[in-house]
Amino acid sequence: MTWIAAVARLRARREPGVLVTVATVRGHAPRDAGAKLVVGRTGTWGSIGGGNVEAVAVDRAREMIAASKPEPELIDFALNDKVTGPHGVQCCGGAVSVLLEPLPVVRAVAVFGVGHVGMELARILARQDLDLHLIDSRSDLLTEERLGALSDAVAHVHVHHTPLLPEEVLAELPHGTHVLIMTHDHAEDAALCDAALRTSHLGSIGLIGSAAKWARFRSRLANEGGHDEAAIARIKTPIGLADITGKEPATIAVSVAADLLRTFESEVD
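Bear in mind that the values here come from a model prediction, so they are computed numbers and not experimental data.

**Topic: the overall build of the chain**
Then, number 1: On a plain count of helices and strands, the chain comes out with seven helices and eleven strands.
Then, number 2: Against the 2.2 N^0.38 benchmark of 18 Å for 269 residues, the chain shows a C-alpha radius of gyration of 24 Å, more extended than a compact globule.
Then, number 3: Based on the C-alpha atoms only, the size of the chain along its principal axes is roughly 75 × 40 × 35 Å.
Then, number 4: Each of the 269 residues in the chain was classed as buried or not, and the buried ones make up 44%.
Then, number 5: By sequence separation, contacts in the chain at least 24 residues apart represent 64% of the contacts at least 6 residues apart.

Structure follows, in C-alpha cells:
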C-alpha cells in the first residue's frame, strides 16, 4: 500500500496516525530524502530504511499518537558505529533528519437542513479539513447541480437524503460529530433535538431559531421527552456569535461557522 493510500485509509477509519518522512540526507543512508512511512496505532505502511532509525521513529510516532500531540517533530540520526541506538547500530556512515507529522482524526460536522442558511454554511465549512455531512428530507435541495458549488471542497462531503426520518442519520455519524439543526420544519427540528439527546456519541448540538421556539422545544423535551436539565443543556441555541445580528443567510452562516470554529479551538485547549 502506498503512503497516500495509507493516509486515506486512516482517515476513512477515523484513526490517528503519523506521517514519517526522511527530510534530509548527508552521506550514505538506507533511503533517500522523501522516503515515507505511515504509522498507525497498530500498523505501519512504507519504510524509511528499517533498522534503528525506523524503529525509533515508530516508537516516537506511537508516543505522539497516544499523547494526541499536534506539533510535528524533527529527529536527527548519526549513522556510524560510534552511536548505539535503542534498537541497535546503523553504520552507513551518513546522517539523516526525519520529520514526524501527526495525522489527527479530522473533525466531523453534520448540518441538518440545507436550505438558504444551510447551503451558505456548507459553502464555508467545505473550505475546512473536516468530514461534512449534509442531511435534508427534500431531494430537490440535494441535487448535483445545487451542490455543485461544493465541487472544489477541501472537506469530504457526505450527502444524505432522508425523506422520512432524518434523525436516523444521527446513529450513523462518526464519534464526536458536531450537529447543527436548521431544517425547514419545526417538527423535524424538535424530533432531531430529542434524538440527538439520546445519541451519546455526538459532539456539540446546535439549534437555529428564536427564543420563543426554544421555549416550546425546551418544555417538550422535558415534559414529553423526559430529558433532565443537564441533558437539555447540551443543546446550544441560538447558534452563532451574539454580536453578529444580521439576518441574511450568508451573514448567519458566517456567524454560525465562526462560533463552530471557536468550539473547535476550545476542544484543543
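**Description of helix H5 (residues 211–223)**
Then, number 1: For H5, with 13 residues, the first-to-last C-alpha span of 18 Å sits near the 18 Å given by 1.5 Å per residue.
Then, number 2: Those residues of H5 that sit buried are Lys213, Trp214, Phe217 and Leu221. Looking straight down H5, one finds that the buried residues subtend no more than 90 degrees of arc, so they occupy a single side. Structural note: H5 exposes Ala211 and Asn223 on the side pointing more than 90 degrees away from its buried face.
Then, number 3: Of the surrounding elements, those touching the buried residues of H5 are helix H4 (186–197), strand S10 (205–207), helix H6 (229–232) and strand S11 (235–236).

**So, the confidence of the model for the chain**
Then, number 1: Residues with a pLDDT of 70 or more make up 94% of the chain, whose mean pLDDT is 90.
Then, number 2: When mean pLDDT is taken per element in the chain, strand S9 (residues 178–181) scores highest with 97 and strand S4 (residues 73–78) scores lowest with 89.

**Observations concerning the sheet that holds strand S1 (residues 17–26)**
Then, number 1: Pairing is antiparallel in the open sheet, where five strands are placed in the order S3-S2-S1-S5-S4. What marks the edges here is a single partner per strand, and that holds for strand S3 (44–46) and S4. Averaged over all neighbouring strand pairs, the angle between strand axes comes to 20 degrees, with direction disregarded.
Then, number 2: Pairing geometry for S1 and strand S5 (residues 95–103), over nine bridges, is antiparallel.

**Some details on the pattern of salt bridges**
Then, number 1: Counted by the stated rule, this structure contains 13 salt bridges.
Then, number 2: Residues Asp194 and Arg198 are paired through a salt bridge, measuring 3.0 Å at the closest nitrogen-oxygen approach.
Then, number 3: Judged by relative accessible area, which is 22%, Asp194 ranks as partly exposed.
Then, number 4: Among the ionic pairs, Lys236 bridges to Asp259, the shortest N-O distance being 2.5 Å. Here the residue Lys236 occupies a position in strand S11, and Asp259 occupies one in helix H7 (residues 249–268), the gap between them amounting to 23 residues.
Then, number 5: Salt bridges linked by common partners bring Arg11, Arg14, Asp129 and Asp131 together as one network.

**Some remarks on the packing of H4 against H5**
Then, number 1: Put simply, H4 and H5 touch, their axes get as near as 11 Å, and they point 45 degrees apart. On the basis of their axis angle, the class for H4 and H5 is oblique. Crossing angle aside, the handedness with which H4 passes H5 is right-handed. Between H4, through His186, Asp189, Ala190, Cys193, Asp194 and Leu197, and H5, the contact on the second element is made entirely by Lys213, Arg216, Phe217, Arg220 and Leu221.

How each quantity is defined
- The residue numbering used here restarts from 1 in each chain and proceeds along that chain's sequence as written.
- Since the coordinates come from a predicted model, pLDDT governs what is reported: local features require at least 70, and pairs of side-chain atoms require 80 or more to be given and counted, while whole-chain, interface and lining totals use all residues.
- Side-chain numbers come from the whole structure's heavy atoms, not from hydrogens or water.
- Numbering goes from the N terminus for both helices and strands, where a helix is a DSSP run of H or I of at least four residues and a strand is a run of E of at least two.
- We compute the radius of gyration from the C-alpha atoms alone; for a globule the expected value is 2.2 Å times N to the 0.38, where N is the number of residues.
- Buried residues are those whose accessible area, probed at 1.4 Å on protein chains only, stays under 20% of the maximum for their type, while exposed residues exceed 50% and partly exposed ones sit between those limits.
- By definition in these notes, contact holds between two residues if any of their heavy atoms fall within 4.5 Å.
- The span expected for a helix works out to 1.5 Å for each residue beyond the first.
- Comment: arc refers to directions from the helix axis out to C-beta atoms.
- The predictor reports its confidence for every residue as pLDDT, a score running from 0 up to 100.
- One requirement defines pairing of two strands: DSSP has to find at least two bridges between them.
- Throughout, an axis means a line fitted to C-alpha atoms (over the contacting stretch in the case of helices), and angles, computed between N-to-C directions, take values from 0 to 180 degrees.
- Salt bridge, as used here: a side-chain nitrogen of Lys or Arg that lies within 4 Å of a carboxyl oxygen of Asp or Glu.
- Each angle gets one of four labels, with under 35 degrees taken as roughly parallel, over 145 as roughly antiparallel, 65 to 115 as roughly perpendicular, and the rest as oblique.
- If you view the pair so one helix is near and one far, a crossing is left-handed when the near helix is turned anticlockwise from the far one by less than a right angle, and right-handed when it is turned clockwise.

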